[in-house]
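If you want the building blocks of each chain, they are given just below.
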Amino acid sequence: MEEYHFDLQIDCLGFDSDLWEVFRGAYGTIKEDLLALLEADPNIAEEEKRIYMDKMPESAYRIAFDNICEQLTHQCSFYSALYLAIPYLVHQYAYWYNKNDLQCQILYLTYIGIMLSTDNFYNIDQEKKLKDVPQNILNHYQKSVEWIKERAKEFLNQNLKKWNQSNHFKLSAIEAEELGTGFLGILGDRETAFLLLLYAWGSCSAFCKNCGYFDEDIELNNLDEEEAEQLYSKITPADSAIGKWNFRDYRDSYIWLSNVLYLFGNKEAAEKLSYYYGTYTCPNCGKKDKPIVKLMMLGLLNG
């Protein structure tokens, strides 16, 4: 791979370390996949830079990239190899940043964010993590997270307002959902990103703290009139946030993500998000609570 000039000050674990056998992915060590990524020719065809491809990849680079993604996101579970992979992946992002390749930046932002969403309190005891991971590994992992967080903000600030004016930014509906989820995972709300992935942006659940009733499968997609009425009887969607974001404040995930999805061209996802942040009325006891994403997590924790 060509050299790039971006002083990250982020160290990557050497491939001669025994820790590759300790910190593993879904199918074992990820060392060979990362080596393949680093050794492959990165000059891949444009269609192989998309989040979703119409056919299987042919380039060694994209095959290695997809293998790493599968190793670290399988079934939305957490895999400790994430701590070793993220520093390498942010270095890869820096390469594409230096090349001003926006499509590859989108690809990396999507999947780095999805990977980070698995590092949440439901999947892993965060206090135990601090004890079990060597401090130098954890330090460079956290530095990588902070670095990519700033790059994600920079990417949105520079490109979002002109999104539909560029051929780089033609996303399918599912690509827009995945990229939005990636930004959510990077910018700090990992639990919500995790839940959106777990429920595939198509359904939700709700746990009533008052009576303990668990509404396990509330469908959000392709509803007929009767099903839509049933949904409205349970969930009052949050007020629309479209047009209410200043493009700088990322503290309220619902506000900024609604606008990001809308500007990505996926109005349906922005509308669905209003249900994930809506108010639930328990059909068992009548108690109201919000937002739905918090009640979804309660359902997982109490299920």
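In this numbering scheme, every chain counts its residues from 1 along its sequence in written order. A pLDDT threshold of at least 70 governs which residues receive local features in this predicted model, and a stricter bar of 80 or more applies before side-chain atom pairs are shown or counted, although totals over entire chains, interfaces and linings include all residues. As a rule here, side-chain values cover all heavy atoms of the structure and leave hydrogens and water aside.

Visitor: Explanation requested: a negative patch on the surface in the structure shown.
Guide: Patch membership requires more than 30% relative accessible area and the absence of a salt bridge. Residues of like charge join within 9 Å; the nonpolar side chains Val, Leu, Ile, Met, Phe, Trp and Tyr join within 5 Å. Surface accessibility follows the Shrake-Rupley procedure with a 1.4 Å probe radius. Residue values consider only the protein chains on display as shielding. A pairing counts as a salt bridge when a side-chain nitrogen of Lys or Arg comes within 4 Å of a carboxyl oxygen of Asp or Glu. Note that His is not counted, nor are the chain ends; the positive residues are Lys and Arg, and the negative ones are Asp and Glu. Each charge is placed at NZ for Lys, CZ for Arg, CG for Asp and CD for Glu. Taken together, the side chains of Glu 216, Asp 217, Glu 219, Asp 224, Glu 225, Glu 226, Glu 227 and Glu 229 make up a negatively charged region of the molecular surface. Secondary structure elements are defined from DSSP: runs of H or I of at least 4 residues count as helices, runs of E of at least 2 residues count as strands, and each element is numbered from the N terminus. Contributions of two or more residues to the negative patch are made by strand 2 (214–219) and helix 9 (225–234). No other element matches the four residues that helix 9 contributes to the negative patch. Here Glu 229 is to be found in helix 9.

Visitor: Help me understand the pattern of salt bridges, please; the structure alone is not making it clear to me.
Guide: On inspection of all chains with the given rule, the structure shows 15 salt bridges. Taking the shortest distance from any N to any O, the salt bridge between Lys 128 and Asp 132 comes out at 2.5 Å. Separated by four residues within a single helix, Lys 128 and Asp 132 lie in helix 5 (residues 126–132), roughly one turn from each other. Only protein chains enter the accessibility calculation, which uses a 1.4 Å probe; a residue whose area is less than 20% of its type maximum is buried, one above 50% is exposed, and one in between is partly exposed. With relative accessibility at 49%, the residue Lys 128 sits in the partly exposed group. Here Asp 132 falls in the partly exposed class, since its relative accessible area comes to 44%.

Visitor: Would you explain the nonpolar core in this entry?
Guide: Side chains of a nonpolar character, in soluble globular proteins, are inclined to be buried together. By size, the foremost hydrophobic cluster in this structure holds 101 residues, and its most contacted members are Phe 183, Phe 264 and Tyr 276. At 12 residues, the largest contribution of residues to this core is made by helix 3 (residues 82–98). Residue contacts follow a heavy-atom distance rule, with two residues in contact if any of their heavy atoms lie within 4.5 Å. Excluding residues that lie within four positions of it along the chain, Phe 264 makes contacts with Leu 160, Trp 163, Leu 171, Ala 176, Leu 179, Gly 180 and Phe 183. Definition of nonpolar core: a set of buried residues of the types Ala, Val, Leu, Ile, Met, Phe, Trp, Tyr and Cys, connected through side-chain atoms within 4.5 Å.

Visitor: Explain the packing of aromatic side chains here, please?
Guide: What describes a pair of aromatic rings is the distance from one ring centre to the other and the angle between the planes of the rings. Centre distance within 6.5 Å is the pairing criterion for rings of Phe, Tyr and Trp, where only the six-membered ring of Trp is used; planes under 30 degrees apart are then read as stacked, over 60 as edge-to-face, and the remainder as tilted. Under the definition given, this model contains 24 aromatic pairs. Between Phe 23 and Tyr 83, the aromatic rings sit 6.4 Å apart at their centres with planes inclined by 75°, giving edge-to-face as the arrangement. On the criterion of sequence distance, the pair formed by Phe 23 in the segment before helix 1 (31–39) and Tyr 83 in helix 3 is long-range, its members being 60 residues apart. The exposure classification of Phe 23 matches that of Tyr 83, with both residues buried. With a centroid separation of 6.0 Å and an interplanar angle of 80°, the aromatic rings of Tyr 61 and Trp 96 are classed as edge-to-face. One end of the pair, Tyr 61, is in helix 2 (residues 60–73); the other, Trp 96, is in helix 3, and 35 residues separate them in sequence. Aromatic rings pair up to connect Phe 23, Phe 78, Tyr 83 and Tyr 141 into one cluster. One residue, Arg 151, lies across the ring of Trp 147, its end atom 5.1 Å from the ring centre. Note on criteria: charge over ring means Lys NZ or Arg CZ within 6 Å of the ring centre, with the direction from the centre no more than 35 degrees off the ring normal.

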